[in-house]
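Fold and geometry: a report
The residues making up each chain are set out below.
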Amino acid sequence: MLILLLACIPVEKNPDPETTGDQDSIPWDTADDQAADDARVRALTGLPEGDSPCMSPMIVRVTEVVDGDTFWSSRDDDGSSLKIRMIGVDTPEVDHPDSPEECYGNEAWRRSIEALEGNLVWLTFDGECLDVYDRTLAYVFRDATDEGFWDRNLARNGFAEQLTIPPNDSFADLIATDVQAAQQENLGLWADCR
């Protein structure tokens, strides 16, 4: 069982870092004020990351979901844009010019759109940060719960298969367990595409 240790920080208009205490997890859908964003950034400590992460955790805003496991993002702090590919999972393809749509691709795509697009997410990293397509490889978190660990959420609910490419394999066993549970319960693509 993955235990997430996260020092939750209250979201106030002008939080004082010296006096913040344990509160409920930080809401993702609050108004875009700087204090709330600062609190989210400070709460990055304690999220699971790979054994030898290639970079420090960061927070980004999801600007466009490309398919279930890939999205464009922007960093609010400097405005830079990153194309993110989730580590450890592979969702079916949607209709792209260079590849046909696969069974359950649109369902996985819509699931990630509904959960991620327009929202802030935390990213943590593993041993390698870029793939051959120059996408940033990351673990994606909506919040500090198992359900909020989005790579695992997709696997556990039948929207993704496992895809393990070393050295990005720190959570391979957890994702394998999630995929096996979805298969056993005949969820998502395991019900509709096999």
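Remember, predicted model here, so these are calculated numbers, not experimental data.

1. Let's talk about the state of the cysteines
- Taken as a whole and judged by the stated rule, the model has two disulfides.
- Each sulfur of the disulfide joining cysteine 54 and cysteine 129 lies 1.6 Å from the other. Its S-S torsion of about 95° marks the bond between cysteine 54 and cysteine 129 as right-handed, since a negative value means left-handed. With cysteine 54 in the loop between helix H1 (34-42) and strand E1 (58-67) and cysteine 129 in the loop between strand E5 (120-124) and strand E6 (136-141), this residue pair connects regions lying 75 residues apart in the sequence.
- Between cysteine 103 and cysteine 193 runs a disulfide, and the two sulfur atoms are separated by 2.0 Å. Linking cysteine 103 and cysteine 193, the disulfide has an S-S dihedral of approximately -80° and is accordingly described as left-handed. Linking cysteine 103 in the loop between strand E4 (88-90) and helix H2 (105-116) with cysteine 193 in the segment after helix H5 (189-192), this pair joins segments that are 90 residues apart in sequence.
- By sequence-ordered numbering of the bonded cysteines, the protein chain has its disulfides arranged as 1-3, 2-4.

2. Focus: the sheet that holds E6
- What the five strands build is a closed barrel, ordered E1-E2-E3-E6-E5; its pairing is mixed. For this sheet, the mean angle separating the axes of adjacent strands, direction not counted, is 55°.
- As paired elements, strand E3 (residues 81-86) and E6 share three bridges and run parallel to each other. Within E6, the position partnered with isoleucine 84 by the bridge is threonine 136.
- Against the sheet, H2 contacts E1, strand E2 (70-74), E3 and E5, and its axis sits at roughly 145° relative to E1.

3. Structural notes on the environment of asparagine 168
- Within the fold, asparagine 168 resides in the loop between strand E7 (161-163) and helix H4 (172-184).
- As for asparagine 168 and glutamate 128, which are separated by 40 residues in sequence, their C-alpha atoms are 6.3 Å apart.
- Those residues in contact with asparagine 168, other than ones at most four positions away along the chain, are Ile87, Asp126, Gly127, Glu128, Leu137 and Tyr139.
- Within the structure, the side chain of asparagine 168 is placed 3.0 Å from the backbone nitrogen of glycine 127, a separation counted as a polar contact.

4. Examining the pattern of salt bridges
- Within this structure, the stated rule accounts for seven salt bridges.
- One salt bridge in this structure joins aspartate 69 and arginine 85, with 3.4 Å as the shortest N-O distance. Taken together, the positions of aspartate 69 in the loop between E1 and E2 and arginine 85 in strand E3 put the pair 16 residues apart, joining distant regions of the chain. As far as the burial class goes, aspartate 69 and arginine 85 line up, both buried.
- With a shortest N-O distance of 3.2 Å, aspartate 90 and arginine 85 are connected by a salt bridge.
- Judged by its relative accessible area of 27%, aspartate 90 falls in the partly exposed class.

5. Points about H4
- Compared with the 18 Å implied by 1.5 Å per residue over 13 residues, the 18 Å span of H4 between its first and last C-alpha is a close match.
- Those residues of H4 that sit buried are Ala172, Ile175, Ala176, Asp178, Val179, Ala181 and Ala182.
- Looking at the buried residues of H4, the elements they touch are E4, helix H3 (150-156), E7 and H5.
- One or two residues past the end of H4 sits asparagine 186, with phi positive at roughly 55°.

6. Brief notes about unusual backbone geometry
- For the bond from proline 166 to proline 167, the omega torsion is 10°, close enough to zero to count as cis.
- Tracing the backbone shows proline 167 in the loop between E7 and H4.
- Its identity as a non-glycine residue notwithstanding, tyrosine 104 has a phi of 75°, on the positive side.
- Structurally, the position occupied by tyrosine 104 is in the loop between E4 and H2.
- For tyrosine 104, a relative accessible area of 14% corresponds to the buried category.

Definitions and cut-offs
Residues numbered from 1 in each chain as written. Predicted model: local features only at pLDDT ≥ 70, side-chain atom pairs only at ≥ 80, totals over all residues. Heavy atoms only, no water. Disulfide = S-S within 2.5 Å. Helix = DSSP H or I, 4+ residues; strand = E, 2+ residues; numbered from the N terminus. Pairing = 2+ DSSP bridges. Axes fitted to C-alpha atoms, helices over the stretch in contact; angles between N-to-C directions. Contact = heavy atoms within 4.5 Å. Polar contact = N/O pair within 3.5 Å; in protein donor to acceptor, adjacent residues only side chain to side chain. Salt bridge = Lys/Arg side-chain N within 4 Å of Asp/Glu carboxyl O. Buried < 20%, exposed > 50% of the residue type's maximum accessible area, 1.4 Å probe, protein only. Expected span 1.5 Å × (residues − 1).

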